[in-house]
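Structural features, examined
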Amino acid sequence: MVDVPTRPQVAVADRPWLEAGLDIESRVDLLLGVLTLPEKVAQLHQVANLDPTVDRELIATSGVSSALYASGATAGNVRDRGLMVAAITECQRIAVGESRLGIPLLFGRDVIHGHRTIFPIPLGLAATFDPDLARACCRVAAMEAAADGVGLTFAPMADISEEPRWGRVAESLGEQPVLAGRMAAAMVRGFQGEPRTSGSTVAADAVAACAKHFVGYGMSTGGRDYDTVQVGENTLRNVHLRPFKDAVDAGCLTVMASFNDIDGVPMHAHGHLLRDVLKGEWGFDGVVVADWNGVGQLVSQGVAADLRDAARQAIAAGVDLDMTSGAYAAHLAELVEAGEVAIDLLDDAVRRVLRLKFRLALFERPYPEAARGDGRPSDEGRALARRAAVGSFVLVKNDGILPLTGDPGRIHLAGPFVHEGDALLGTWVLDGKGDDVASPAWAFRERLARDQLLVSDGRFSDVAIGMVRTADVTIALMGEHPSRSGEDRCLSTIELPAGQLDVIRQMAGIGKPLVVVVFTGRPLELGPVMDMADAVLVAWHPGIEAGPALADVLFGDAEPGGRLPITFPRSVGHIPSSSLQRPTGRPIQRDDDRTSGRYLDSLVYTDLVFGFGLGYTTFSYGPPVASAMTIPLGSSSRRQGITVTVTVTNIGRRRGTETVQLYVRDLAADVTRPLLELAAWRRVEIASGRTRTVSFSVEAEMFGYYDRRMRWRVDPGDVEVIVGPDAARGQRVRLALIEGAGR
Ligand code: GLC
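Conventions we followed
- Residues numbered from 1 in each chain as written.
- Predicted model: local features only at pLDDT ≥ 70, side-chain atom pairs only at ≥ 80, totals over all residues.
- Heavy atoms only, no water.
- Helix = DSSP H or I, 4+ residues; strand = E, 2+ residues; numbered from the N terminus.
- Rg over C-alpha atoms; globule rule 2.2 N^0.38 Å.
- Buried < 20%, exposed > 50% of the residue type's maximum accessible area, 1.4 Å probe, protein only.
- Contact = heavy atoms within 4.5 Å.
- Arc of directions from axis to C-beta.
- Polar contact = N/O pair within 3.5 Å; in protein donor to acceptor, adjacent residues only side chain to side chain.
- Pairing = 2+ DSSP bridges.
- Near = heavy atom within 4 Å.
- Areas by Shrake-Rupley, 256 points an atom, 1.4 Å probe, with all protein chains shown as cover.
- Nonpolar A, V, L, I, M, F, W, Y, C, P; charged D, E, K, R; others polar.
- Core = buried A, V, L, I, M, F, W, Y, C linked by side-chain atoms within 4.5 Å.
- Axes fitted to C-alpha atoms, helices over the stretch in contact; angles between N-to-C directions.
- Phe/Tyr/Trp six-rings, centres within 6.5 Å; stacked < 30°, edge-to-face > 60°.
- Lys NZ or Arg CZ within 6 Å of the ring centre and 35° of its normal.
- Disulfide = S-S within 2.5 Å.
- Salt bridge = Lys/Arg side-chain N within 4 Å of Asp/Glu carboxyl O.
- Parallel < 35°, antiparallel > 145°, perpendicular 65-115°, else oblique.
- Left-handed = near helix turned anticlockwise from the far one by under 90°.
- pLDDT = per-residue confidence, 0-100.

Here we come to the overall build of the chain. Helix and strand counts for the chain come out as 20 helices and 27 strands. The globule rule puts the C-alpha radius of gyration for 743 residues at 27 Å, and the 27 Å found for the chain is close to it. With respect to the principal axes defined by its C-alpha atoms, the chain has extents near 80 × 70 × 45 Å. Relative to its 743 residues, the chain shows a buried fraction of 61%. Long-range contacts, defined as pairs at least 24 residues apart, comprise 77% of the intrachain contacts of the chain with a sequence gap of at least 6.

The following block contains the structure:
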């Protein structure tokens, strides 16, 4: 090992910024004031997979600020050896102990839906409609990751997408901005711990969250990853920016710029959205991190002549930390000396990075301090993962066969997932392990007598068909392998993987009860499956407790808690078809299903609408009742608004939980507004035969939107609230927003 001559380190006594009693801004000023130009530039330089044996010189000469550990540009698809905690610690030791000012490094890792304890994919967490549950999962993920030296995770993904062809829809939090926003905010609080105020530091078991990918990535043309995006600012503000604003308002410490352009301006060079909106309008004082080589990609996007030009544009636009392109490290100092980049711009970015490091208490805690244990999932973590999986499952058809209570006879568990581990974890699993997964076959064996369970693993469909005949009920575990889900994993169709529908068709043809469980990272074309199976359960990729959670639900120990966070279109030809539909000049009368929609060759309407999902009981709704027919403009709190109540009765035989949803619509606005915009929901548990009155506070602010001049406004005039179990079955109440006190 080359013994790097140690630079004259500034003595600790001469480092006033280390005084933890000072406020963070003062500490930033003190440190910024002694940085040389090269040291400032280095604070904006993030590299991949920093290695103390290779990069010692770079670290010891203050040449780098941060490192992310990833197998490469699409880390969610390629497993690496796992986080090398010893390497991280040694890198940190060199930085703190040998570099001139001892500035600690920041280590990043994609901890997307768990670190070692893997929870359902984000789309599955969104299906729970339970932000507290999502927050709890991210809390466990942060504790495990922080114990391994991670200071920054690149989650939550707040992209809104109506594009099942786009592989990253698996990482999204659904199509409705309010659901995605509340989920994103909850995940931020889980990762960062709470409460965290702007001047405070995070706890030792917390990591910085990163709201990504700012913004519009979910609209990639054709659902093709990295493709261009055509969208106006009004739709950006009224849909796509909202969950990011919720994440920022929740104190998210970093935001990641997205790969896409917006109407020709790549996001890594988009000064209006990064500086004017995110940092200006919203007052975001955290760090904007580039997405992998996003700065360098400005060249291939044809807006930068070379890497030097890319660096100039990106720093000007507001990208603070350059992930892996090396553009800042190579060119920023010279750009500043040439007068092409103002030192104030550079200082602002450096200030943000230093502020982040102080907020993470890296100067006090440069090394992992959170309890590590043996590194394996804890019992508490497993229990939470099981609860999250149960809560994420969406029952989309049940003709009464579920739950399998009493003596269901001989059960045939079939399909490629029966013995699975790894494939049930889903995409973006870097430190999770397939061996940690409790498989469906294991969970069913734990529960059933040996002669009661038949298992066919999908290799021989003829064997499986034969078992259907001899069993009393078949549970077919179908769906997509996570290798076709996630980044750069886009599809041109959304059917089940090749061959699966044929097997299901043959199974159904035997005439025995058939349950189909669909593991998936995206909406799939389930119409044919729904026609043939007696019950269909959408199970996403549910994480390490896949098997036990599935058994809990199928045998009725728990009811499936999920509701669809994204529309499942009839087919790929119907994309986009989501609940975000805005009114047209010639509205479709959906009540006449024979003619609804604009296609001559098929209906548009899908049964699998946003918010849909069945439980094991049935609920009936009374009409929604408003406490007043007018709502005062300016009302933005429960006290000032009105109340809309609805009675919900459990008319089934089992206790159950209903997700009562409230949507809003502005009937006459400055721009076209969605026919349905989710504004609130309540998950209520109701005993059989009992009735609950569910109340929603409705304030004028719920109807607010950005108008054609990008100004936020709430209009006087007619509005509607729609209350019901999903986006298709709500009951409407017409109200009016009025000046004055209202009532
Ligand atoms: C990837 C992804 C981003 C991820 C980053 C680091 O390309 O776009 O979501 O956090 O690179 O792995």
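Let us look at helix 1 (residues 24-32). Along helix 1, the residues that are buried comprise Ile24, Arg27, Val28, Leu31 and Leu32. Summarising the axial view, the buried residues of helix 1 lie within an arc of 125°, below the 170-degree limit, and thus occupy one face. Tucked into the core, helix 1 has its buried residues touching helix 2 (37-42) and helix 14 (343-359). A distance of 3.1 Å separates the backbone nitrogen of Glu25 from a side-chain oxygen at the start of helix 1, and that oxygen is part of Asp23.

Further remarks concern the sheet that holds strand 2 (residues 66-68). In spatial order, the strands read 4-3-2-1-10; together these five strands make up an open sheet with parallel pairing. The strands lining the two open edges of the sheet, one partner per strand, are strand 4 (152-153) and strand 10 (322-323). Relative to strand 10, strand 1 (residues 45-48) runs parallel, the two sharing two bridges. By the bridge assignment for strand 10, His45 is matched with Asp322.

That bond from Ala155 to Pro156 is cis: its omega, 10°, falls within 30 degrees of zero. Locating Pro156 in the fold gives a position in the loop between strand 4 and helix 7 (177-192). In the segment running from Phe214 into Val215, the intervening peptide bond is cis, with an omega of -5°. Mapped onto the elements of the fold, Val215 is located in the loop between strand 5 (210-214) and helix 8 (233-240). Although it is not a glycine, Phe129 sits at a positive phi angle of roughly 50°. Tracing the backbone shows Phe129 in the loop between helix 5 (122-127) and helix 6 (131-147). Under the relative-accessibility criterion, Phe129 is labelled buried at 1%.

Let us now look at the site of the ligand. Among the 13 residues in the neighbourhood of the ligand, the closest are listed as Asp110, Arg168, Lys212, His213 and Asp291. Between Arg168 and the ligand, the recorded distance is 2.7 Å, taken from a side-chain N or O atom to an oxygen atom. Look at the ligand: alone it shows 310 Å² of surface, and the protein chains cover 100% of it. When its residues are assigned to classes, the shell around the ligand shows seven nonpolar, one polar and five charged.

In this section: the nonpolar core. Core analysis: the largest hydrophobic core is formed by 217 residues, its most contacted members being Phe191, Phe214, Phe444, Ile475, Val517 and Leu526. With residues near it in sequence (within four places) discarded, Leu526 still touches Val518, Val536, Val538, Phe568 and Leu608. Residues Ile642, Val646, Val648 and Leu737 belong to the second largest nonpolar core, which totals 29 residues.

It is worth spelling out helix 10 (residues 271-281) at this point. Buried within helix 10 we find Leu273, Leu274, Val277, Leu278 and Lys279. Each buried residue of helix 10 lies within a common arc of 160° when the element is viewed along its axis, so the set occupies one face. Looking one or two residues beyond helix 10, the residue adopting positive phi is Gly283, at roughly 70°.

So, about the sheet that holds strand 6 (residues 254-257). Strands sit in the order 5-6-9 across an open sheet of three strands; the sheet is parallel. At either margin of the open sheet sits one strand with a lone partner, and together these are strand 5 and strand 9 (287-289). Strand-to-strand, the axes of this sheet are offset by a mean angle of 25°, without reference to chain direction. Here strand 5 pairs with strand 6 via three bridges, running parallel. In the strand pairing of strand 6, Phe214 is matched with Ala257.

Applying the stated criterion across every chain, the model contains 14 aromatic pairs. Each ring, one from Tyr217 and one from Phe259, has its centre 6.1 Å from the other, and the planes form 85°; the classification is edge-to-face. Of this pair, Tyr217 sits in the loop between strand 5 and helix 8 while Phe259 is found in the loop between strand 6 and strand 7 (261-262), placing the two residues 42 residues apart along the sequence. Comparing Tyr217 with Phe259, the two get one shared label, buried. Consider the rings of Trp540 and Phe568, whose centres lie 6.0 Å apart with planes at 70°: the pair is edge-to-face. Here Phe568 lies in the loop between helix 20 (546-554) and strand 17 (619-621) and Trp540 lies in the loop between strand 16 (535-538) and helix 20, a separation of 28 residues in the sequence. Each of the two residues, Trp540 as well as Phe568, counts as buried. Site record: aromatic cluster; members linked through ring pairs are Phe129, Phe610, Tyr663 and Trp681. Just above the ring of Trp428 sits the side chain of Lys212; from NZ or CZ to the centre is 5.1 Å. Across from the ring centre of Tyr706, 4.9 Å away, lies the NZ or CZ of Arg237, which sits over that ring.

With that settled, the discussion passes to the state of the cysteines. Counting across every chain of the model gives zero disulfides. No disulfide involves Cys137; its nearest neighbouring cysteine sulfur is the one of Cys138, lying 6.6 Å away. Cysteine Cys252 shares no disulfide, and the gap to the nearest cysteine sulfur, in Cys210, comes to 6.3 Å. The buried category is assigned to Cys252, whose relative accessible area is 4%.

Here we come to the environment of Thr693. Note on placement: Thr693 falls in strand 23 (residues 691-698). A residue is classified by how much of its surface remains accessible, and Thr693, at 53% relative accessible area, is exposed. Along the chain, Thr693 and Ile510 lie 183 residues apart, while their C-alpha atoms are 45 Å from each other. Non-local contacts of Thr693, meaning those with residues more than four positions away in its chain, are made with Thr645, Val646 and Thr647.

Counted under the stated rule, the structure contains 52 salt bridges. Residue Glu171 is joined to Arg168 by a salt bridge in which the shortest nitrogen-to-oxygen separation is 2.7 Å. The partner of Arg352 in a salt bridge is Asp348, with the nearest N and O atoms 3.1 Å apart. One end of the pair, Arg352, and the other, Asp348, are both in helix 14, four residues apart, so they sit about a helical turn from each other. Taken together, the shared-partner salt bridges in this structure form one network comprising Asp670, Asp707, Arg708, Arg711, Arg713 and Asp715.

Right, let's talk about the packing of helix 17 (residues 461-470) against helix 18 (residues 500-509) for a bit. Running from N to C, helix 17 and helix 18 cross one another at 25°; their axes reach a closest spacing of 9 Å. One way to sum up the angle between helix 17 and helix 18 is to call them roughly parallel. Seen along the crossing, helix 17 lies across helix 18 with a hand that is right-handed. Within the contact between the two elements, helix 17 uses Ser461, Ala464, Ile465 and Val468 and helix 18 uses Val503, Gln506 and Met507. Class assignment for the residues of the contact of helix 17 with helix 18 results in five nonpolar, two polar and no charged.

Put simply, the chain has an average pLDDT of 95, and 97% of its residues get 70 or more. A low-confidence stretch, residues 1-5 (pLDDT under 50), is modelled with five contacts involving residues beyond four sequence positions or located in other chains.

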